[in-house]
Amino acid sequence: MKEQLLQKFNEIFGSGGEVQVYFAPGRVNLIGEHTDYNGGHVFPCALTIGTYAAVRKREDKTLRFYSMNFDHLGVITSSVEGLTKKQEDDWANYPKGVIWALKHRGYVIDQGMDILYFGNIPNASGLSSSASLEVLTGYILKELFGFHLYMIELALISQFAENKFIGVNCGIMDQFAVAMGKKDNAIFLDTSNLACEYAPIKLENARIVIASSNKKRGLGDSKYNERRSECEEALKELQAVLDIATLGDLSEEEFEKHKDVIADPVRIKRAKHAVYENQRTIKAVEALKANNITEFGELMNASHVSLRDDYEVTGIELDTLVEAAWQQKGVIGSRMTGAGFGGCTVSIVKNDCVQDFIDNVGNTYEEKIGYKADFYVVDIGNGPSRI
Ligand code: NG1
Ligand code: MG
């Protein structure tokens, strides 16, 4: 991989000078969906697939970006001064946003760079290609400019870039999972205070299988912001009668007792998902610690049902993949992952059933939806590094 990147780098930007190569992972969320902007818990893990970059500092202030995944867009040029989001800069707005966010926080960036990226995670699919790109860029700047920056700070700066530069009001889960990844561990994160704990994932005779629906998010980002406001609204209504800071502060019982103060039945469903999903996530981590993988899987399944019926973010593609998975032998649990509206599902599948799973779920999907899904049998990896 490193050789290929360096070769392409020289071809695009010319040879000479010191070129360094870095990697940052993608992530998959095992459970705890749409809880990260509701003060709830999440349980993601970093993957061994992710984004690579080859980079060389420049003497002037020019920034040149190139992605091997978006060859057709060619080199995208910008400057470290006066960074603004531009539609024609497309994917390069993500790294630009991180540079902007670092400068906004007072880090001095007075020299440009040539950067070439290559990602081996599917884009816009719920495996956080965006967070991977952001955290990778931040990590590169930290290394090249010698910033003293903790990884958690880097995650927060990347989230700030996504919120304020890109305009997606996302929670902290993705950037946190990418920045803090640890091989063979998932991250149990309380998004209300960023307290986190690593939990070893010992599946013994099972694997994590990701199915990409190949349905792009499309309007997903605006729907995402809409769900976020619905939850904020519901929280305000509950705060009239309860002393709570977030929906994550509520137990299922307290929610059931007070939910009728929420005026709109749709908002009741949204808030219900946030409250129950947070509790499911806590229970799932307990089950895992007790080596009860069956219960973990059942909680994953319940998470999908809630995202489908109450939060309404699944859609025919993700429902087809998950419902087909539930029919398969050796499936411990299966659910959509990420924001939804397209993107991926995550399943835990017994080793000797993985191939049948891919064949059968793949066939059912293609028959019903009319195009193929892609499958990835993944491993849990570390956070960013120089390679
Ligand atoms: P994806 O689908 O990976 O973009 C999004 C949010 C997360 C979280 C999940 C839902 C972004 C960058 N991230 O993930 O913060 O809210 O949805 O759990 O939008
Ligand atoms: Mg994203």
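From a predicted model like this one, the values you see are computed outputs, not experimental measurements.

A. Representation of the site of ligand 1 in the model. Around ligand 1, a shell composed of 17 residues is seen, among which Glu33, His34, Asp36, Tyr224 and Ala339 lie nearest. Backbone polar atom of histidine 34 to an oxygen atom of ligand 1: 2.7 Å apart, as the coordinates give it. Taking 430 Å² as the accessible area of ligand 1 by itself, protein coverage stands at 98%. Looking at side-chain class alone, the shell around ligand 1 contains 6 nonpolar, 5 polar and 6 charged residues.

B. Focus on the packing of aromatic side chains. Going through the model one piece at a time under the given rule, you end up with 15 aromatic pairs. Considering the side-chain rings of phenylalanine 43 and phenylalanine 188, the 6.3 Å spacing of their centres and the 80° angle between planes classify their relative orientation as edge-to-face. Of this pair, phenylalanine 43 sits in the loop between strand 2 (41-42) and strand 3 (44-57) while phenylalanine 188 sits in strand 7 (residues 185-190); the two residues are 145 residues apart in sequence, bridging distant segments of the chain. This pair shows no difference in class: phenylalanine 43 is buried, exactly as phenylalanine 188 is. With 6.1 Å between their ring centres and 65° between their planes, phenylalanine 43 and phenylalanine 296 make a pair best called edge-to-face. Here the residue phenylalanine 43 occupies a position in the loop between strand 2 and strand 3, and phenylalanine 296 occupies one in helix 9 (residues 293-309), the gap between them amounting to 253 residues. For phenylalanine 43, a relative accessible area of 0% translates into the label buried. The buried category is assigned to phenylalanine 296, whose relative accessible area is 1%. Cation over ring: lysine 57 sits above phenylalanine 145, and NZ or CZ is 4.3 Å from the ring centre. Lying across the ring of tyrosine 276, lysine 272 places its NZ or CZ 5.3 Å from the centre.

C. Just the nonpolar core, in detail. In this structure, Phe65 and Met113 are the most contacted members of the largest nonpolar core, which totals 74 residues. With 9 residues, the single largest contributor to this core is helix 3 (residues 129-145). Other than its neighbours up to four places away in sequence, phenylalanine 65 contacts Phe13, Gly74, Val75, Ile76, Ser78, Trp91, Ala92, Pro95, Lys96, Ile99, Ile115 and Tyr117. Formed by 29 residues, the second largest nonpolar core is a distinct cluster that contains Ala186, Leu299, Ile332 and Cys344.

D. Geometry of a negative patch on the surface. Taken together, the side chains of Asp243, Asp249, Glu253 and Glu254 make up a negatively charged region of the molecular surface. Summarising the element assignment, aspartate 249 is placed in the loop between helix 6 (220-239) and helix 7 (252-258). Overall, aspartate 249 belongs to the partly exposed group, its relative accessible area being 42%.

E. Up close: the UniProt feature "site: Transition state stabilizer" (unreviewed entry) in the protein chain. Within this structure's numbering, the places UniProt gives as "site: Transition state stabilizer" (unreviewed entry) are Arg27. Its place among the elements puts arginine 27 in strand 1 (residues 20-29). Given the relative accessible area of 2%, arginine 27 is considered buried. Excluding residues that lie within four positions of it along the chain, arginine 27 makes contacts with Pro44, Cys45, Ala46, Leu47, Gly126, Leu127, Ser128, Met173, Asp174, Ala177, Val178 and Gly338.

F. Quick peek at the pattern of salt bridges. In total, this model carries 31 salt bridges according to the counting rule given. Note that glutamate 81 is salt-bridged to lysine 103, the shortest N-O span being 3.5 Å. Of this pair, glutamate 81 sits in the loop between strand 5 (76-79) and helix 2 (93-104) while lysine 103 sits in helix 2, and the two are 22 residues apart along the sequence. We classify glutamate 81 as partly exposed; its relative accessible area is 43%. With its nearest N and O atoms 3.8 Å apart, the salt bridge here joins lysine 142 to glutamate 143. For lysine 142, a relative accessible area of 16% gives the class buried. Its relative accessible area of 36% is what places glutamate 143 among the partly exposed residues. Each of Glu226, Arg227, Glu230, Lys269, Arg270 and Glu312 takes part in a single network of salt bridges with overlapping partners.

G. Structural detail: the side chain of lysine 96. With respect to the secondary-structure elements, lysine 96 resides in helix 2. The exposure class assigned to lysine 96 is buried, which follows from its relative accessible area of 1%. In this structure, lysine 96 is in contact with Phe65, Ser78, Leu83, Thr84, Lys85, Lys86, Asp89 and Phe165, ignoring residues within four places of it in sequence.

Quick notes on the rules
Chains are numbered independently. Their residues run from 1 in the order of the written sequence. Labels are handed out in written order, letters beginning with A for the chains and numbers beginning with 1 for the ligands. Where local features are concerned, this predicted model is filtered to residues with pLDDT of at least 70; where side-chain atom pairs are given and counted, the filter is 80 or more; whole-chain, interface and lining totals use all residues. Water and hydrogen atoms play no part in the side-chain values, which are based on all heavy atoms of the structure. Definition of nearness: a residue and a molecule or strand are near each other if at least one heavy atom of the residue lies within 4 Å of the molecule or strand. N or O atoms within 3.5 Å of each other form a polar contact, as long as, within protein, one can give a hydrogen and the other can take it, and as long as residues adjacent in sequence are counted only when both atoms are side-chain atoms. In short, Shrake-Rupley with a 1.4 Å probe defines the accessible areas, and a residue's cover is counted only from the protein chains shown. In this classification, the charged set is Asp, Glu, Lys and Arg, the nonpolar set is Ala, Val, Leu, Ile, Met, Phe, Trp, Tyr, Cys and Pro, and all remaining amino acids, among them Gly, are polar. Pairs were defined over the aromatic rings of Phe, Tyr and Trp, the Trp ring being its six-membered one, requiring ring centres within 6.5 Å. Orientation was assigned from the angle between planes: stacked under 30 degrees, edge-to-face over 60, tilted for the rest. Helix and strand definitions follow DSSP, with helices as H or I runs of at least four residues and strands as E runs of at least two, each counted in order from the N terminus. Buried residues are those whose accessible area, probed at 1.4 Å on protein chains only, stays under 20% of the maximum for their type, while exposed residues exceed 50% and partly exposed ones sit between those limits. Here, a charge over a ring means that NZ of Lys or CZ of Arg falls within 6 Å of the ring centre while also lying within 35 degrees of the ring normal. What we call a nonpolar core is a set of buried Ala, Val, Leu, Ile, Met, Phe, Trp, Tyr and Cys residues that are connected through their side-chain atoms within 4.5 Å. Whether two residues are in contact is decided by their heavy atoms, any of which lying within 4.5 Å being enough. Patch building starts from residues that exceed 30% relative accessible area and form no salt bridge, then joins like charges within 9 Å and nonpolar side chains (Val, Leu, Ile, Met, Phe, Trp, Tyr) within 5 Å. Any Lys or Arg side-chain nitrogen found within 4 Å of a carboxyl oxygen on Asp or Glu counts as a salt bridge. Under this rule, positive means Lys or Arg and negative means Asp or Glu; His and the chain ends count for nothing. Charged groups are reduced to one reference atom each: NZ for lysine, CZ for arginine, CG for aspartic acid, CD for glutamic acid. UniProt positions are given in the numbering used here, feature names are shortened, and annotations may be inferred rather than shown by experiment.

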